Amino acid sequence: MKRWIVSGLVSALMSLPAWAALQAGDVAPDFTLQASLNGKAFAYSLKAQLQKGPVVVYFYPSAYTGGCNIQARTFAVHADKFAAAGASVIGVSLDSIERLNKFSADPEYCAGKVAVASDAKGEVSRAFALNVAERAGRKDTRGEDIDHAFVERTTFILTPDGKVAATVGGLPPVANVEKTLEVVQGLSTPASGRPH
């Protein structure tokens, strides 16, 4: 009975909107993580990326799981639109860099267009005030064991000064990406109609 209750609470936490997450106006914590783009590992620095323009940091539970596959694919499909708005995108999960090397190059998901970073200990996820829950014993869509915790699906749009412009949480994967793109495009076209 206790195990069922704990399992139910963990599931409920993972599906809740990001009410506790950093919100608009908060300063995002700086981080450097091992990341992968098109199957190649590299050191990702948020500070360095912010010097180039707005950054979308999207946290997702796990590579090679249903909703995360859809979200990665949707970000990849819209990668040119994010770039046209001057923004870069980085996905963050608790996956190992080995799993992310495969996921980032997979033509069905990141397709070499979206970088994904390994927050293996969950420290960056927690610094963004996100829930991290153990999910041992699950299998991914390829039938392989998932050996890491899950972070809640939440996206942050950061301005070059390192502040959160918006937090997008509590939405299905495709809607999350579409809302994020809408916010990013709004950053580059203020009410006056002139780019920043």
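Here's a quick rundown of the structure. (Residues numbered from 1 in each chain as written. Predicted model: local features only at pLDDT ≥ 70, side-chain atom pairs only at ≥ 80, totals over all residues. Heavy atoms only, no water.)

1. Examining the overall build of the chain
Within the chain one finds seven helices and nine strands. Expressed as a percentage of its 196 residues, the buried residues of the chain come to 47%. Within the chain, contacts between residues at least 6 apart in sequence are counted, and of these 70% link residues at least 24 apart. Taken as a whole, the chain presents about 9,600 Å² of accessible surface, with 56% of it coming from carbon and sulfur. (Helix = DSSP H or I, 4+ residues; strand = E, 2+ residues; numbered from the N terminus. Buried < 20%, exposed > 50% of the residue type's maximum accessible area, 1.4 Å probe, protein only. Contact = heavy atoms within 4.5 Å. Areas by Shrake-Rupley, 256 points an atom, 1.4 Å probe, with all protein chains shown as cover.)

2. Overview of the environment of histidine 148
Of note, histidine 148 is situated in the loop between β6 (132-133) and β7 (150-151). The spacing of histidine 148 and glycine 137 is 11 residues in sequence and 9.4 Å in space, taken between C-alpha atoms. Excluding anything up to four places from it in sequence, histidine 148 contacts Pro61, Ser62, Leu94, Asp95, Arg99 and Arg135. Polar contacts involving the side chain of histidine 148 include one to the side chain of aspartate 95, which spans 2.8 Å. (Polar contact = N/O pair within 3.5 Å; in protein donor to acceptor, adjacent residues only side chain to side chain.)

3. Some details on the packing of aromatic side chains
Scanning the model with the defined rule gives 13 aromatic pairs in all. Following the ring pairs from residue to residue traces out a cluster consisting of Tyr58, Tyr60, Tyr64, Phe75, Phe82, Phe103 and Tyr109. Here the guanidinium or amino end of arginine 142 rests over the ring plane of tyrosine 64, the centre of that ring lying 3.7 Å away. (Phe/Tyr/Trp six-rings, centres within 6.5 Å; stacked < 30°, edge-to-face > 60°. Lys NZ or Arg CZ within 6 Å of the ring centre and 35° of its normal.)

4. Thoughts on helix α5 (residues 97-105)
Looking at α5, one finds that the buried residues are Ile97, Arg99, Leu100, Phe103 and Ser104. Axial view of α5: buried residues confined to an arc of 145°, hence all on one face. On the buried face of α5, the contacting elements are β1 (32-37), β2 (40-45), α3 (66-77), β4 (88-93) and β5 (115-118). (Arc of directions from axis to C-beta.)

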